[in-house]
Amino acid sequence: GEAVKARPSPDDAAGMAVGALLPILAFVLILGGVGVRLVALWRRTRAVPEGALGGGLVIISAAMPLTAVGRLPEVGLETIGRLCFGIGLVAVATGISMIVFFTYWVFRRGSTWGGTIAVTLGATLIGAACGMAWWNFLGESIEAIKIAMRPTALTLLGATAASFVWAGIESFRYRRTVVRRSALGLGDPVMANRFLLWGCANVVCSLLIGVIAGLMAQGVTILREPVPLAVMGICGATMSACWVLTFFAPQRYLDYVRARAARSV
């Protein structure tokens, strides 16, 4: 009896989920802002890295709210909810695949094994997302959908984690090269800092995915529970700060990085 009393009503659960979406919305806005500015830069330069990364971030920022809406209790089992979740999920996977391509193009362009990794990750991401979308349309209840899609969901999370781990490793590796050049007066401390920030953002993202995978393995519905949504919001804010400072840092921050590097010489 006490357990039943302590259990929140559907209306309360819906209210908590909607409230917990607020940190995610802040993250999405920053994510989209960085993406839009990178796409604007790509329109001027036509450089592949800006186009791939900017386009990927814009797609993810537009698709994440769709997946969240598709898991709200009021519409989760309705056609509109299933469509929002499925389309949003495939779009997120597409955006992550574009970030994978960014990693390949910037760090391993021309490398056979780098290209193989990029193609494998991209295909796995989109294939797993399509599988999840398929099961999402077949389930008669949220619980049935969760159970049916769990293998493909864990596959998607694994591929996503691998994508960001790869990006982080490459970024930290290149930062070390720039730092060594800086010691000889040939490197740029700002560039080294940018690779550090980009690597840190990828590490935070990988940790977040690990938390999500653990909760999913316990049967938690990620996009309907306030605690995992709050964790996603905190990690998202950290990642957003790293991304902003990586690509659009204010002059005061750049001056600080250069002054700190000069003091360490």
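This section reports on the structure supplied with the text. Predicted model, so just to flag it, every value in this text is computed and none were measured. (Residues numbered from 1 in each chain as written. Predicted model: local features only at pLDDT ≥ 70, side-chain atom pairs only at ≥ 80, totals over all residues. Heavy atoms only, no water.)

1. Remarks on the packing of aromatic side chains
Argument step 1. This model, assessed by the stated rule, comprises nine aromatic pairs.
Argument step 2. Their ring planes at 65 degrees and their centres at 6.3 Å tell us that Phe107 and Tyr174 sit as a pair that is edge-to-face. Of the two residues, Phe107 is situated in helix H4 (residues 79-107) and Tyr174 in helix H6 (residues 142-183); the sequence distance between them amounts to 67 residues.
Argument step 3. Aromatic side chains Tyr174 and Phe195 sit 4.7 Å apart centroid to centroid with 55 degrees between the ring planes, which places their arrangement in the tilted category. Separated by 21 residues along the polypeptide, Tyr174 in helix H6 and Phe195 in helix H7 (residues 189-217) bring together distant segments of the chain.
Argument step 4. Looking at Phe195, the relative accessible area reads 14%, which means it is buried.
Argument step 5. Through a chain of ring-to-ring contacts, three or more aromatic side chains come together here, namely Phe102, Trp198, Trp243 and Phe247.
Argument step 6. Sitting over the ring of Phe248, Arg37 keeps its end group 3.9 Å from the ring centre.
Argument step 7. Directly above the ring of Trp42 sits Arg46, whose terminal nitrogen or CZ lies 4.5 Å from the centroid. (Phe/Tyr/Trp six-rings, centres within 6.5 Å; stacked < 30°, edge-to-face > 60°. Helix = DSSP H or I, 4+ residues; strand = E, 2+ residues; numbered from the N terminus. Buried < 20%, exposed > 50% of the residue type's maximum accessible area, 1.4 Å probe, protein only. Lys NZ or Arg CZ within 6 Å of the ring centre and 35° of its normal.)

2. Some thoughts on the pattern of salt bridges
Argument step 1. Under the defined criterion, the tally for this structure stands at two salt bridges.
Argument step 2. Two residues, Arg108 and Glu170, come together in a salt bridge whose shortest N-O distance is 2.8 Å. You can see Arg108 sitting in the loop between H4 and helix H5 (112-138) and its partner Glu170 sitting in helix H6, a full 62 residues away along the chain.
Argument step 3. Under the relative-accessibility criterion, Arg108 is labelled partly exposed at 22%.
Argument step 4. Glu170 is the partner of Arg173 in a salt bridge, and the nearest nitrogen-oxygen pair spans 3.1 Å. Of the two residues, Arg173 and Glu170 both sit in helix H6, three residues apart, roughly one turn of that helix.
Argument step 5. Given the relative accessible area of 30%, Arg173 is considered partly exposed.
Argument step 6. Relative accessible area serves as the criterion here: at 3%, Glu170 is assigned to the buried category.
Argument step 7. By sharing partners, the salt bridges in this structure join Arg108, Glu170 and Arg173 into a single network. (Salt bridge = Lys/Arg side-chain N within 4 Å of Asp/Glu carboxyl O.)

3. Some details on a nonpolar patch on the surface
Argument step 1. A cluster of nonpolar side chains, Leu66, Leu83, Ile87 and Phe137, forms an exposed patch at the surface whose accessible area comes to about 330 Å².
Argument step 2. Owing to a relative accessible area of 53%, Ile87 belongs among the exposed residues under this scheme. (Patch = residues over 30% accessible without salt bridge, like charges linked within 9 Å, V, L, I, M, F, W, Y side chains within 5 Å. Areas by Shrake-Rupley, 256 points an atom, 1.4 Å probe, with all protein chains shown as cover.)

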